[in-house]
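Below, each chain spelled out in residue letters.
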Amino acid sequence: MTINKLKPLAWSLMLGLGLLAGHAVAATTPESGVPSGNVLRTTLDNGLRVVIVHDSLAPMVTTQITYLAGGYQTPKGFPGTAHALEHMMFRDSKGLSGAQLNEMTGKMGGDNNAFTTNDATQYYFVAPAAYLDVLLHIEASRMRGAELGPKDWGLEKGAIEQEVSRDISDPGFLAFEKAEGILYAGTGYAADPLGTRPSFDKTTPSTLQKFYNDWYQPNNAILVIVGDVDPAATLKQVKQLFGGIAKGDVPAHAPVKLTPFKAQTIRSTTPDATGTVQFLYRTPGMKSADAAATTVLMDVLNNARSPLLALAVQGKVLSAEVQVQPFSYGGVGVIEAGFGKGADPKQAQAELDGVIQHVLKDGVSADLVDAAKRAEQAQFEFSKNSAVSVASSWSQALAWQGLNSPEEAEQQIQAVTVDEVNRVAREYLKPDQRVTVVLTPDPNGKRPPNSNGFGGSESFGGNDKLDVPLPTWAAQALARLEMPHWTLHPTSMQLDNGITLIVQPESVSKTVTVVGHVDHDDKLQEPKGQDGVGKLLTSLFDYGSTSLDRNAFHKALDAIAASETGGTDFSLAVPSAHFDEGMRLLADNELHPALPQQAFDVQQKTLARTLAGELQSPQYKMMRALFKGLYPARDPALREATPQTVGKLTLGDVKQYRDSAYRPDLTTIVVVGDVTPDQAKATVEKYFGGWKAAGAKPDVIPEPLPLNPPSYVVVPNAYASQDQVLMGQTLDMNLHNPDRYALELGNDVLGGNGFASRLMVDIRVRHGFAYGASSGMNFERSRSLFYVQYGSDPAKVAPVDALVMKNLKAMQDTAVTAPELTNARQYQIRSIPVQVSSVNRIARALLSWSWHGEPLDQPMVAAKYYLNLTSSEVQAAFKKYLKPQHLAQVVQGPAPAKH
């Protein structure tokens, strides 16, 4: 469950103005209820708006139901009400308990969550298409059946406070929250929808019930369904389940009345490796007539050739970017630059000021405006590559933008002129109409006030039980477990120079996605004393090729609306009409990078300054301490790039490392999209065929690890209000050992399957010691790891540790129950279609399977093991490989309890 904020930016990045383009609609008659192309949309008699889109990429479906009520609609003095209700919607409803919801989500092999924004709250599912009926039953049950009782609220309130506690430990979040209050003082956007402890303490079930009754009505909701479904049959199901829900009286939306404010500066320290200067502006809302022009403006500022990004390219700042926190009736635009530890933020601020003044005085480049519009048009097509993206574009258009379709949003962007972009810039980017935030890196800062004691009590413990009987409509659908339908049939070939090429044609869009990997291990391959040379080399690919300097190279990419990255992990996303030209540019960059001396000088200083802060940050120290606990002394994995090692590097070192590490016979390229295998092969051979390897292949696979000794390390974090805990252990196996499948099934039971896992039930549900706890396993070609992670108040670390050890011992001493094994099997096998449910996921999966030496239908191979494994085999695997007394543990936090 998440709140949209720049810290983090998950929903901002997905939903931001123009950042998520729409799905093409073939002459749809609005609200007709008659399919037009692959889209069917209608409004039920009770006011529920429904959009159903057929998408054949994978046998999966996503549902998104959005209620037009968020932080803006909360009652005065209760800013977290929408967020609190979002949490409560995962508790009991009529005919559906929270425990049943958790269990059936796992059994479906699906994923569900929700997020609260300032304007709306969305609940979403992703699952195999066969379980659409189950998903619709769940949402229909919750629409007007949430029980919101005092017991559930008493349990959930502590969980929300734990979530809040984590967020208020982030100085960046706190600074944004304060700036938002200044920019939108006196409006519903002034208070963050996350909520506060005082507001939750005052909140009662009656408060939640009133908000629920006011806003959670079918006539205030939008249901979007996208996937491998029959639209007409799906609409019939929707009418049966939702049609009988009566419409309600929904309050009128209070208008946004902005008031003048004085420009001011917020200063704070941060535990991050680098600092930032941020200019925060009021921006037009997504329903504003200026929304499209603002989208183009932000795209122009973020363009690789823009004066803003040139600041980092020239070494004047460490980084530069633009972000947008969008609202329906407003927004916050953030233009920021990064600076190093110990640097003067005034210089970064002056550089930002210079860029903004240039835009206001001289206007934006017409060339960059055209490039932005081409990029948006391409993104409109790329959004078809994922059912989730298609659904999100419809939800965004209808719920947040107030438009008729995503296509309408794209048409507005294409109509934007240079003059409109300049007008919007001059109206909204005024120096006296902004809040400046300066975050200076300092690992010895102070914890935010009033953060002590947030959550951490046992108030959110409970007696919820798993393996409860499911409702009939779910039990029947989930009873039979079958092997899923495998939809990938890639063509794999090896070119004459050793490149492995894999091609998977897909026809959902007129685009091609290319991902590549050069098998390598910098820790093994970097020469002695040259730690960091691999990182430095990667940063230089942005500077173009020997035939095209940086500006010319990015201009060529803009001309075909392509995005590209070079390095040991390289990629290309391009409209299929420009596949040949895109591959030419990718190969030119990958095989003939410019590597100019001036760029080397800039990036060497940038990396050294970044490392100077990173090595002192609590998060880095935590991971470093864990690795020291897991790896033997002098193991290559413990090699560390420092400002000193980077400072000694030369451009010759970088070029020599590239010549030795980048080889075609260690390279895999995957091509997915609107292309045939023959076409892809001919194009790759045309541009990559001349690449030849010299000398013997380097060793890129490290030696197996011995079992690590037990260890316990405390990493102070003066900013944190909770402890973050990591435990880990090396495993005497690799990913080709079939015992991994027994461990994976057992891990689902232990801590890998969300609320259905033993750790979550024992640590959160029963005892209330932590907001969440999980376990995981990482299997590589020669080394594998097991880990547990959780966050809690310092006083709860010891009791949580005891519960972790108890559950590990139980996995070794007692066979998992038949229902637990069934749940784990169902999750692993039924989640297979979701794993390859987008073009990007398909490409990344095929790439990973290939260079790891696994079959290209690896999930189906795993599924056969899952079907046949027994409880005793799972127990035996845990007994053989897990050594709880050897766990390496690291605790990062304010004042960790002694071990």
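Fair warning: this is a prediction, and the values are worked out from it, not measured in the lab.

Some points on the overall build of the chain
When its secondary structure is counted, the chain shows 34 helices and 23 strands. At 27 Å, the chain has a C-alpha radius of gyration in line with the 29 Å of a compact globule built from 899 residues. Each principal axis of the C-alpha distribution contributes one length, and for the chain these read about 70 × 70 × 60 Å. The buried share among the 899 residues of the chain stands at 61%. Taking as baseline every contact in the chain between residues at least 6 positions apart, the subset at least 24 positions apart corresponds to 83%.

Some details on the environment of Ala425
For Ala425, the position within the fold is in helix H16 (residues 418-428). C-alpha separation for the pair Ala425 and Met298, spaced 127 residues apart in sequence, amounts to 9.4 Å.

Quick notes on the confidence of the model for the chain
Per-chain confidence: the chain averages 92 in pLDDT, with 93% of residues scoring 70 or above. Within the model, pLDDT remains below 50 along residues 2-30, and this stretch shows 102 contacts once partners closer than five positions in the same chain are excluded. Considering only residues more than four positions removed or in separate chains, one finds that residues 451-463, a stretch of pLDDT under 50, has 47 contacts.

Concerning the sheet that holds strand E18 (residues 667-673)
Pairing in this open sheet of 6 strands is mixed, and the strands run E13-E14-E18-E15-E17-E16 from one edge to the other. The open sheet terminates on both sides in strands that have one partner only, identified here as strand E13 (491-494) and strand E16 (563-565). Averaged over all adjacent pairs, the angle separating strand axes in this sheet is 15°, with direction ignored. Relative to strand E17 (residues 569-575), strand E15 (residues 511-518) runs antiparallel, the two being bridged by 7 bridges. The partner of Val512 across the bridge, within E17, is Val574. Sheet strands in contact with helix H26 (residues 677-688) are E13, strand E14 (500-505) and E18, and its direction is about 145° off that of E14.

Quick look at the sheet that holds strand E22 (residues 784-792)
Read from one edge of the open sheet, 5 strands run E19-E23-E20-E22-E21, paired in mixed fashion. Each edge of the open sheet is held by one strand with a lone partner, namely strand E19 (711-716) and strand E21 (772-779). Each strand of the sheet is rotated relative to its neighbour by a mean of 15°, with strand direction disregarded. The pairing of E19 with strand E23 (residues 888-893) spans 6 bridges and is classified as parallel. Bridging from a neighbouring strand, Val713 pairs with Val890 of E23. On the sheet, helix H23 (residues 618-630) packs against E19, strand E20 (723-731), E22 and E23 and is oriented at approximately 25° with respect to E20.

A look at the packing of helix H30 (residues 818-830) against helix H33 (residues 858-868)
Where H30 meets H33, the axes come as close as 10 Å, and the angle between the chain directions of the two elements is 165°. The orientation of H30 relative to H33 falls into the category roughly antiparallel. Where H30 crosses over H33, the handedness of that crossing is left-handed. Contact with H30, carried on its side by Arg825, Gln828 and Ile829, involves Ala863, Tyr866, Leu867 and Asn868 of H33 and no other residues of that element.

A look at the nonpolar core
In this structure, Leu743, Ile763, Phe786 and Leu882 are the most contacted members of the largest nonpolar core, which totals 60 residues. Sorting elements by how many residues they give to this core places helix H32 (residues 839-851) first, with 7 residues. Other than its neighbours up to four places away in sequence, Leu743 contacts Met733, Met777, Phe779, Ala877, Phe878, Tyr881 and Leu882. Leu85, Ala146, Trp153 and Val164 belong to the second-largest nonpolar core, a separate cluster that totals 57 residues.

Brief notes about helix H9 (residues 231-242)
Compared with the 16 Å implied by 1.5 Å per residue over 12 residues, the 16 Å span of H9 between its first and last C-alpha is a close match. Of all the positions in H9, only Pro231, Thr234, Leu235, Val238 and Phe242 are classed as buried. For H9, the angular spread of buried residues about the axis comes to 100°, placing them on one side. Looking at H9, the residues exposed on the side facing more than 90 degrees away from the buried face are Lys236 and Gln240. Against strand E2 (39-43), strand E3 (49-54), strand E4 (60-67), helix H4 (132-145) and strand E7 (221-227) lie the buried residues of H9.

Considerations on unusual backbone geometry
For residues other than glycine, phi is negative in most cases, and the peptide bonds are mostly trans. One non-glycine residue, Ala561, lies in the positive phi region at around 55°. Positionally, Ala561 belongs in the loop between helix H20 (550-559) and E16. Taking the relative accessible area as the measure of exposure, Ala561 reaches 18% and is therefore buried. With phi around 50°, Leu595 is a residue other than glycine that occupies positive phi space.

Considerations on the packing of helix H10 (residues 291-302) against helix H13 (residues 366-382)
At a minimum axis distance of 9 Å, the contact between H10 and H13 shows a crossing angle of 110°. The orientation of H10 with respect to H13, classified from their angle, is roughly perpendicular. Facing H10, whose interface residues are Thr295, Val296, Asp299 and Val300, H13 presents Leu368, Val369, Ala372, Lys373 and Glu376. For the contact of H10 with H13, the class distribution of residues is 5 nonpolar, 1 polar and 3 charged.

A few points about the side chain of Thr511
On the secondary structure map, Thr511 appears in strand E15. The exposure class of Thr511 is buried, given its relative accessible area of 2%. Separated by 3.0 Å, the side chains of Thr511 and Asn385 make a polar contact.

Topic: the pattern of salt bridges
Tallying each qualifying case throughout the model produces 31 salt bridges. One salt bridge connects Arg480 with Glu482, and the closest N-O pair in it is separated by 3.0 Å. Connected via shared salt-bridge partners are Arg305, Asp367, Lys555 and Asp558.

Remarks on helix H3 (residues 98-108)
Across the 11 residues of H3, 10 count as buried, placing the element largely inside the fold. Turning to H3, its buried residues number three or more, namely Gly98, Ala99, Gln100, Leu101, Glu103, Met104, Thr105, Gly106, Lys107 and Met108. In this fold, the buried residues of H3 make contact with strand E5 (111-116), strand E6 (121-128), H4, helix H17 (472-478) and H30.

Quick look at the pairing of E15
Taken across its 8 residues, E15 has 8 buried, putting it largely inside the fold. The side-chain alternation of E15 yields two buried faces, one formed by Thr511, Thr513, Val515 and His517 and the other by Val512, Val514, Gly516 and Val518. As judged from the 7 bridges shared by E15 and E18, these two strands associate in the antiparallel manner. Within the sheet, the bridge partner assigned to Thr513 lies in E18 and is Val672.

Quick notes on the environment of Ile335
Its place among the elements puts Ile335 in strand E11 (residues 331-339). By relative accessible area, Ile335 is classed as buried at 1%. In this structure, the C-alpha to C-alpha distance between Ile335 and Lys287, residues 48 residues apart in sequence, is 22 Å. Other than its neighbours up to four places away in sequence, Ile335 contacts Val277, Gln278, Phe279, Tyr281, Leu301, Leu308, Glu321, Val322, Leu352, Ile356 and Leu429.

As for the packing of aromatic side chains
What the rule picks out here adds up to 18 aromatic pairs. By way of ring pairs, the aromatic residues Tyr67, Phe90, Tyr123, Tyr212 and Tyr216 are connected into one cluster. Positioned above the aromatic ring of Phe90 is the side chain of Arg142, whose terminal nitrogen or guanidinium carbon lies 4.9 Å from the ring centre. Positioned above the aromatic ring of Phe279 is the side chain of Arg434, whose terminal nitrogen or guanidinium carbon lies 3.6 Å from the ring centre.

A few points about the pairing of E13
In terms of strand pairing, E13 meets E14 through 4 bridges, oriented antiparallel. Paired with Ser492 across the two strands is Ile502, which belongs to E14. The loop that links E13 with its antiparallel partner E14 comprises 5 residues; one of these, Gly498, has a positive phi angle of about 100°.

Calculation rules
Residues numbered from 1 in each chain as written. Predicted model: local features only at pLDDT ≥ 70, side-chain atom pairs only at ≥ 80, totals over all residues. Heavy atoms only, no water. Helix = DSSP H or I, 4+ residues; strand = E, 2+ residues; numbered from the N terminus. Rg over C-alpha atoms; globule rule 2.2 N^0.38 Å. Buried < 20%, exposed > 50% of the residue type's maximum accessible area, 1.4 Å probe, protein only. Contact = heavy atoms within 4.5 Å. pLDDT = per-residue confidence, 0-100. Pairing = 2+ DSSP bridges. Axes fitted to C-alpha atoms, helices over the stretch in contact; angles between N-to-C directions. Parallel < 35°, antiparallel > 145°, perpendicular 65-115°, else oblique. Left-handed = near helix turned anticlockwise from the far one by under 90°. Core = buried A, V, L, I, M, F, W, Y, C linked by side-chain atoms within 4.5 Å. Expected span 1.5 Å × (residues − 1). Arc of directions from axis to C-beta. Nonpolar A, V, L, I, M, F, W, Y, C, P; charged D, E, K, R; others polar. Polar contact = N/O pair within 3.5 Å; in protein donor to acceptor, adjacent residues only side chain to side chain. Salt bridge = Lys/Arg side-chain N within 4 Å of Asp/Glu carboxyl O. Phe/Tyr/Trp six-rings, centres within 6.5 Å; stacked < 30°, edge-to-face > 60°. Lys NZ or Arg CZ within 6 Å of the ring centre and 35° of its normal.

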